Structures are given as C-alpha cells and as structure tokens.
Amino acid sequence: MKYIDAIDYKVEVGGLPQSSFSDYLAQYDKSNKVILVDENTHEHCLSYLITTFEELAQAEVILLPEGEDNKQLEIAFGVWEALTEYRIGRHDLIINLGGGVITDMGGFIASCYKRGVDFINIPTSLLAMVDASIGGKTGVNLGAFKNQIGVFSNPKAVYVDTSFLSTLPELEVLSGIAEMLKHGLISDADLFSRVAEQINNVKSIDSDLLFACIEVKNRVVVQDPLESGVRKTLNFGHTIGHVIEGHYMNTLKLSHGHSIAIGMLLEAFLSVELASLSQEEYLAIHHVITAVYEIPLFTPADIMAMVDMLDNDKKNKGGKILSCLIPKIGKCTFDIEVNKDLFTRAFKAFQS
Ligand SMILES: NC(=O)c1ccc[n+]([C@@H]2O[C@H](COP(=O)([O-])OP(=O)(O)OC[C@H]3O[C@@H](n4cnc5c(N)ncnc54)[C@H](O)[C@@H]3O)[C@@H](O)[C@H]2O)c1
C-alpha cells in the first residue's frame, strides 16, 4: 500500500483488501451505510466490494443513471429523497463507488444532506483515481454549465484500487490520461513525457505514474484548498475544456478528459501568444494531443455559443475572463486575462 496525506484525510493506493478500509468501516458498525453507484459501476464494481467486505452486506445501494448529462440537481434531489426514505442520519456513511460523476455528485449529496454526512470515495475510473476523487471539490452541473452548483467538502478517506480499471473502456482510460497529461504540463516536464508514453499502452497503467499524478494533485490542493491561488493551475485546459464539454454534452458527448485535452491544446495555443510558450514545446503538445483526441468540427455558431459561455466561468473576476497559461511545459501561471476575441481566434485556428 502507498499512502498520501491529504488535507484531513488519507488517500490509500493499493488493493482494497489490503487497505485500512475494513478498520475504517468498523467505526460505522452501528451505522447505516449507503453505496452510490451508476449503471456501470453497479455492473462491474459493486459485487467485488460487497463480497469482499461482509460489513457492507446490509448496505443500501442507490443506483444512478451513468454519464455527465445526469450530473444534475434533479438526480441529487432523488437521492436525498431516497436517503430520507431509508432514514439515513447524520452519523451514517455514504460510499461513492464510481467515476468522477459519482464522486463529485455523491460528495455534494452527502455534504448538503442534513448539513453533512460522512462520505468516502472509492474511485473506479482512471480520471477519478488521479484527480476527481481527491481535493474536496463536489458538485453538479446546471444544464450545460459545469459544476455550477457545489461546495468544497472533503471525503473522510479515499481508497484507490486499480483493479477496477480492468473493466474501464479504453476511451475512458484516455479520458483519465488527459488529466494526467495536465499534471505533467503544469508541474513537471518529465512527468508529461512519461504520461505521453502511457498513451501507447492504455491496457496497463503504470502504478508509479498513477501515484505520481495523485501526488501532484494533492500537493497543489494542500497548498491552497479553497482555490484562492495556486490551485487554479489545476484548471489548465478547463476554461475552454468546460465550455466544450458543456456545449457538446447532449450531442457528441465528449468525455471530460477528451474535452480538457482539446482545452489544453487551445490554451497552449494562447500560451504561445500570451505567455511566451516556445513554438517547439507547443508543437510537442499538439503532437501528443492530436494523436489521440479528435477535435470536433467547430462551426461559427458553435464557436459563438462556446465563447459566450465563458462569461460564466467560475474563475472570472470583475467581468474579466481569467485563464491559466503555460510559459513552458512544467510551469503554469494563473489569473491571466484573456479577452473573448483571443478565445475566438483560438477556436478558429482549429476550425478545420
Ligand atoms: N472534483 C474534482 O476535482 C474533479 C476533477 C476532475 C474531474 N472532475 C469531474 O469528474 C467527472 C469525470 O469523471 P469520469 O471521467 O470518471 O466520468 P464518469 O464518472 O462519467 O465515468 C466515466 C464512465 O466510465 C464508467 N465507469 C467508471 N468506472 C468504471 C469501471 N471500473 N468499469 C466500467 N465502467 C466504469 C462510468 O459509468 C461512466 O460511463 C466530470 O464530471 C468532471 O467534472 C472533478
């Protein structure tokens, strides 16, 4: 097992049976336990959990529809009603077993229900393992606006067991790799190169690499839990990536990581102009991203709609759109004002 100290909880990386999970559950032996799953983690992950830990035999299971378009308040509302029906109280435990949609939404549901119930994350997608399950950002989308409603609230523990990856579709592995590329781009050029190599071997994720990415995420979060400064760097690629993900949520249904990969490419394009990223490094990023993440055909109407959505980015201040840019691979700056004309230019540069 490997351990990481997060803000006020631990992230354990290794097989669940060898982890402290069972000891942890002992604290809740008189409490009700609820497991939140989506359709896929219900099918592929739940039986492993409840057959390995008999303490969970009586747990209530709440099944949610899968997918980003279901990360909505209406779904959270249904879960709050179910929790009420099951008489779940403040001293009970919610276990989020799933990808980032389940860990984000489950954390939000637990944090608002009766003003806060303990929750833990057991991430089952690569993206949730290296990013979403750690750091205390929880929430739901509001229509196409990503994570518009939410709170900072930390899990009591995170257990990362990579055996869950055996059933994760390849496209979802690539989605997770996009966030790993981000960890390299913002903090460590060597890590970026190692993750770029991992793209050629999506069937077997290097556990040291996975751990290194969790460390990057956690290191940044611990320095700035509420995102008043350096944590903003974790949003590299997300100013543009989030509007891409939201805009195509009900049509192309691009995965989160796919959207962020395109967002990183366009924000790297802006970094050449506004942050002195060298042409050579820009081309290296372009090469890695375009080899696997297809860029949608942006029509003028798509571009106009997406640029318009930027007005609602959570990092905006005083009416200004503030983005993260990279002066070089491995270094990230934040709170850089980028006007809408420049964003439009970046989209247009990738129109064909
Ligand atoms: N809170 C944060 O700091 C943070 C950071 C990054 C991303 N996010 C959020 O995370 C979400 C994206 O996470 P995601 O990519 O995990 O999405 P997801 O939860 O939708 O999972 C992707 C798909 O994989 C399926 N799946 C998950 N585990 C599986 C398994 N073991 N076997 C088979 N199928 C499995 C899911 O059912 C889903 O269909 C977005 O909503 C994004 O906003 C949050």
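Refer to the structure presented above.
Numbers given to residues run from 1 along each chain, matching the order in which its sequence is written. Residues qualify for local features only when their pLDDT is at least 70, as the model is predicted, and side-chain atom pairs are given and counted only at 80 or more; totals for whole chains, interfaces and linings, by contrast, use all residues. Only hydrogens and water are removed before side-chain values are computed, so all heavy atoms of the structure are retained for them.

Undergrad: When you look at the overall build of the protein chain in this model, what are you seeing that I'm missing?
TA: Secondary structure elements are taken from DSSP: a helix is a run of H or I of four residues or more, a strand is a run of E of two residues or more, and numbering for both begins at the N terminus. For the protein chain, the helix and strand inventory stands at 14 helices and 11 strands. Relative to its length of 352 residues, the protein chain is compact, with a C-alpha radius of gyration of 20 Å against a globular reference of 20 Å. Taken along the three principal axes of its C-alpha coordinates, the protein chain extends 60 × 40 × 35 Å. Contacts: residue pairs with any heavy atoms within 4.5 Å of one another. A fraction of 75% describes how many contacts in the protein chain between residues 6 or more apart in sequence connect residues 24 or more apart. In this tally, Asp and Glu contribute negative charge and Lys and Arg positive charge; neither His nor the terminal groups of the chain are included. Charge positions come from single atoms, namely NZ of Lys, CZ of Arg, CG of Asp or CD of Glu. Averaging the positions of the 29 positive and the 46 negative side-chain charges in the protein chain gives two centres separated by 7 Å. Restricting the calculation to C-alpha atoms gives the radius of gyration, and the globule rule supplies 2.2 Å times the number of residues raised to the power 0.38.

Undergrad: When you look at the nonpolar core in this model, what are you seeing that I'm missing?
TA: Taken as a class, soluble globular proteins show a tendency for nonpolar side chains to be buried jointly. Working definition of a nonpolar core: buried Ala, Val, Leu, Ile, Met, Phe, Trp, Tyr and Cys residues. They are joined through side-chain atoms within 4.5 Å. Per-residue accessibility, obtained with a 1.4 Å probe over protein chains only, is compared with the maximum for each type, and a residue is labelled buried under 20%, exposed over 50%, and partly exposed between these values. Residues Val11, Phe21, Leu126, Ile177, Leu181 and Phe347 are the most contacted members of the largest nonpolar core, which totals 98 residues. The dominant element in this core, judged by the number of residues it contributes, is helix H9 (residues 207-223), at 9 residues. Throughout the structure description, domain borders are defined by an automatic or database domain assignment. Two domains share this core, each providing at least three of its residues, namely domain 1 (2-167) and domain 2 (170-204 + 227-349). Residues in contact with Leu126, not counting those within four places in the same chain, are Leu165, Leu168, Val173, Gly176, Ile177, Met180, Ile205 and Leu210. The next biggest cluster of nonpolar side chains, apart from the first, holds 21 residues, and it includes Ile62, Trp80, Met105 and Phe119.

Undergrad: What's the story with the site of the ligand in this structure? I'm lost.
TA: Neighbouring residues of the ligand: 28 residues in total, closest Asp38, Glu66, Glu68, Gly100 and Ser125. Polar contacts here mean pairs of N or O atoms no more than 3.5 Å apart (in protein, one a potential hydrogen donor and the other a potential acceptor; neighbouring residues in sequence count only if both atoms are side-chain atoms). Glu66 places a side-chain nitrogen or oxygen 2.5 Å from an oxygen atom of the ligand. Between a nitrogen atom of the ligand and a side-chain N or O atom of Thr124, the distance comes to 2.8 Å. Here the open area of atoms and residues is found with the Shrake-Rupley method and a 1.4 Å probe, where only the protein chains shown may cover a residue. In isolation the ligand exposes 860 Å². Once the protein is present, 94% of that is buried. Those elements that place two or more of their residues in the shell around the ligand are helix H2 (39-44), helix H5 (100-112), helix H6 (126-132), strand E8 (145-152) and helix H7 (170-187). For this classification, Asp, Glu, Lys and Arg are treated as charged, while Ala, Val, Leu, Ile, Met, Phe, Trp, Tyr, Cys and Pro are nonpolar and the rest, including Gly, are polar. Partitioning the shell around the ligand into residue classes produces 7 nonpolar, 10 polar and 11 charged. No fewer than three residues from each of domain 1 (2-167) and domain 2 (170-204 + 227-349) sit in the shell around the ligand. Note on definitions. A residue lies near a molecule or strand when any single heavy atom of the residue is within 4 Å of it.

Undergrad: Which parts of the structure should I look at to understand the packing of aromatic side chains?
TA: The geometry of an aromatic ring pair is captured by the separation of the ring centres together with the interplanar angle, meaning the angle of the planes. Only Phe, Tyr and Trp rings are paired, with Trp represented by its six-membered ring, and only when their centres lie within 6.5 Å; those with planes under 30 degrees apart are stacked, over 60 edge-to-face, the remainder tilted. Under the defined criterion, the tally for this structure stands at 8 aromatic pairs. Measuring from ring centre to ring centre gives 5.8 Å for Phe269 and Phe350, while their planes differ by 75 degrees; the resulting arrangement is edge-to-face. Of this pair, Phe269 sits in helix H11 (residues 256-274) while Phe350 sits in the segment after helix H14 (340-349), placing them 81 residues apart in sequence. Classification of Phe269 as partly exposed rests on a relative accessible area of 23%. Members of the aromatic cluster, connected to one another through ring pairs, are Phe21, Phe53 and Tyr159. It is Lys2 that lies over the ring of Phe211; its NZ or CZ is 4.6 Å from the centre. Distance and angle both matter: a charge sits over a ring if NZ of Lys or CZ of Arg is within 6 Å of the ring centre and within 35 degrees of the ring normal.

Undergrad: What should I look at first to understand the pairing of strand E6 (residues 118-123) in this one?
TA: Look at any regular strand and the pattern is simple: side chains alternate between the two faces of the sheet. Of all 6 residues in E6, 5 are buried; the element is thus mostly enclosed. Two strands make a pair as long as DSSP finds a minimum of two bridges between them. As defined by bridge partners, strand E5 (residues 93-98) adjoins E6 across 6 bridges and the pair is classed as parallel. Each bridged residue has a counterpart across the sheet, and for Leu97 the counterpart in E6 is Ile122.

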